[in-house]
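# Close look at the chain arrangement
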Amino acid sequence: DTGVSQDPRHKITKRGQNVTFRCDPISEHNRLYWYRQTLGQGPEFLTYFQNEAQLEKSRLLSDRFSAERPKGSFSTLEIQRTEQGDSAMYLCASSPRTLFVYEQYFGPGTRLTVT
Amino acid sequence: QKEVEQDPGPLSVPEGAIVSLNCTYSNSAFQYFMWYRQYSRKGPELLMYTYSSGNKEDGRFTAQVDKSSKYISLFIRDSQPSDSATYLCAMSAMDSSYKLIFGSGTRLLVRP
C-alpha cells in the first residue's frame, strides 16, 4: 500500500493563470475527498467523490474550481483564473469501502502560491 | 463561532511528560472523532479514531470522547521530541459524505 500521492507538491503561478492538481488515492478506496488548508487553520472540505460521481461540493468551491474523477481512479482539481486568495495547501484524502466509512487517509498535499 | 474549537498553543513540555490535547464542538450530530498529527509542510497523518463516546488506547496514545459535554481529548504518555507537531482534531456526522470538520490544530513542542 503506497498511500495517497499528489502531484505537484508545490506550484507557483501568476494571478490569472489556470492550474491543475492530481491526486492518486489508495487503490480500491472508493471515496476521494479534496480539502484546502491555509496557514494556522485546519483543513476545510471542498468536495468529494464516490467512485466517479461527485456527490457534494462546499460553498468554498467557487465556479472557478472544478474537480473530476474519471473512471473512479485518480482525481484532478483545476482552478481557473487564480487569485492570491487561492494560495493554500490543497489536500486529497481517500477512504476505504467499509460499512462505517470514516477513516480518511491524506496525501502530502500540493502547496499553491499565487503571485 | 466555529463548529470545532481547539486551543492553538503552542504547548511546550519536557520529554517524558504526559500531554493533554483537547477540542470542544457544538454540533451534536458528530458521531466519529479523529486525531491527526501534522508535521510542518506535510499532510495530516491519522493517529486514532473513535465512534461515539468512550476511550480508546493505542500504545502511548489514548483518545477520550465525552459526548454529553461535547469534549474530546488526546493524551500522549512518555512524550518524545519526535511527537513535536501540530495535532488536529476532526469529526464527522453520519451524513452521506462523512466529510471531516477540523479544529485549527494545537502546536506541540516536546523539549529534549
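Figured I'd write up the structure that's included with this text. Computed from a prediction, not measured in an experiment: that's the story for all the values here.

Assignment of secondary structure puts Gln-38 of chain B in strand β4 (residues 30-38). Within the structure, Gln-38 of chain B has its side chain in polar contact with the side chain of Gln-37 of chain A (distance 2.9 Å). One polar contact links the side chain of Gln-38 of chain B to the main-chain carbonyl oxygen of Lys-42 of chain B, over a distance of 2.7 Å. Beyond its immediate chain neighbours, meaning those up to four positions away, Gln-38 of chain B contacts Gln-37 of chain A together with Gly-43, Pro-44, Ala-85, Thr-86 and Leu-88 of chain B.

A few words on the state of the cysteines. Evaluated as defined, the whole model comprises two disulfides over all chains. What pairs with Cys-23 of chain A in a disulfide is Cys-92 of chain A, and their sulfur atoms sit 1.8 Å apart. Taking the sign of the S-S torsion, about -65° here, the bridge from Cys-23 of chain A to Cys-92 of chain A comes out left-handed. Placement of the pair is Cys-23 of chain A in strand β3 (residues 19-24) and Cys-92 of chain A in strand β9 (residues 88-95), with a sequence separation of 69 residues. The exposure classification of Cys-23 of chain A matches that of Cys-92 of chain A, with both residues buried. Paired through a disulfide, Cys-23 of chain B and Cys-89 of chain B show a sulfur-sulfur distance of 2.0 Å. The sign of the S-S torsion, about -100°, decides the handedness of the disulfide formed by Cys-23 of chain B and Cys-89 of chain B: left-handed. Of this pair, Cys-23 of chain B sits in strand β3 (residues 19-25) while Cys-89 of chain B sits in strand β9 (residues 85-93); the two residues are 66 residues apart in sequence, bridging distant segments of the chain. Its relative accessible area of 0% is what places Cys-89 of chain B among the buried residues.

Before going further, it helps to spend a moment on the sheet that holds strand β1 (residues 4-6) of chain B. Residue and element names in this part refer to chain B. Spatial strand order, β1-β3-β8-β7-β6: five strands in an open sheet with antiparallel pairing. The open sheet has two edge strands, β1 and β6 (54-58), and neither has a second partner. Between one strand axis and the next, the sheet turns through 15° on average, direction left out of account.

All names here are of chain A. Counted under the stated rule, the structure contains seven salt bridges over all chains. One salt bridge connects Asp-86 with Arg-64, and the closest N-O pair in it is separated by 2.9 Å. Taken together, the residues Asp-86 in the loop between β8 (75-79) and β9 and Arg-64 in the loop between β6 (53-57) and β7 (65-68) connect sequence positions 22 residues apart. Neither Asp-86 nor Arg-64 differs from the other in exposure class; each is buried.

Now for unusual backbone geometry. Between Asp-7 of chain A and Pro-8 of chain A the backbone carries a cis peptide bond, its omega angle lying at -5°. Within the secondary structure, Pro-8 of chain A sits in the loop between β1 (5-7) and β2 (10-13). For the bond from Gly-9 of chain B to Pro-10 of chain B, the omega torsion is 10°, close enough to zero to count as cis. If you trace the backbone, Pro-10 of chain B turns up in the loop between β1 and β2 (11-14). Positive phi outside glycine occurs at Ser-52 of chain B, with the angle close to 60°. Structurally, Ser-52 of chain B can be placed in the loop between β5 (45-51) and β6.

This part is about the interface of chain B and chain A. Across the boundary between the two partners, chain B contributes 20 residues, which contact 24 residues of chain A. Summing the contributions of chain B and of chain A, the shared interface buries around 1900 Å²; its carbon and sulfur component is 54%. Sorting the residues of chain B by area buried against chain A places Arg-41, Tyr-98 and Lys-99 of chain B first, and these three jointly supply 24% of that buried surface. At the boundary of chain B with chain A, the tally comes to one salt bridge. Where chain B touches chain A, the interface holds ten residue pairs in polar contact (both at pLDDT 80 or more). If you list the elements that add at least two residues to the side of chain B that touches chain A, you get β4 and β5 of chain B. For the side of chain B that touches chain A, the element with the highest residue contribution is β4 of chain B, accounting for four residues.

Inspection of every chain in the model, using the stated rule, returns 13 aromatic pairs over all chains. Aromatic side chains Phe-106 of chain A and Tyr-36 of chain B sit 5.3 Å apart centroid to centroid with 90° between the ring planes, which places their arrangement in the edge-to-face category. Residue Phe-106 of chain A is found in strand β10 (residues 105-106), and its partner Tyr-36 of chain B is found in strand β4; the two belong to separate chains. Both residues of the pair, Phe-106 of chain A and Tyr-36 of chain B, count as buried.

About the criteria used
- Residues numbered from 1 in each chain as written.
- Chains lettered and ligands numbered in written order.
- Predicted model: local features only at pLDDT ≥ 70, side-chain atom pairs only at ≥ 80, totals over all residues.
- Heavy atoms only, no water.
- Helix = DSSP H or I, 4+ residues; strand = E, 2+ residues; numbered from the N terminus.
- Polar contact = N/O pair within 3.5 Å; in protein donor to acceptor, adjacent residues only side chain to side chain.
- Contact = heavy atoms within 4.5 Å.
- Disulfide = S-S within 2.5 Å.
- Buried < 20%, exposed > 50% of the residue type's maximum accessible area, 1.4 Å probe, protein only.
- Pairing = 2+ DSSP bridges.
- Axes fitted to C-alpha atoms, helices over the stretch in contact; angles between N-to-C directions.
- Salt bridge = Lys/Arg side-chain N within 4 Å of Asp/Glu carboxyl O.
- Buried area = accessible area lost by both parts, 1.4 Å probe.
- Phe/Tyr/Trp six-rings, centres within 6.5 Å; stacked < 30°, edge-to-face > 60°.

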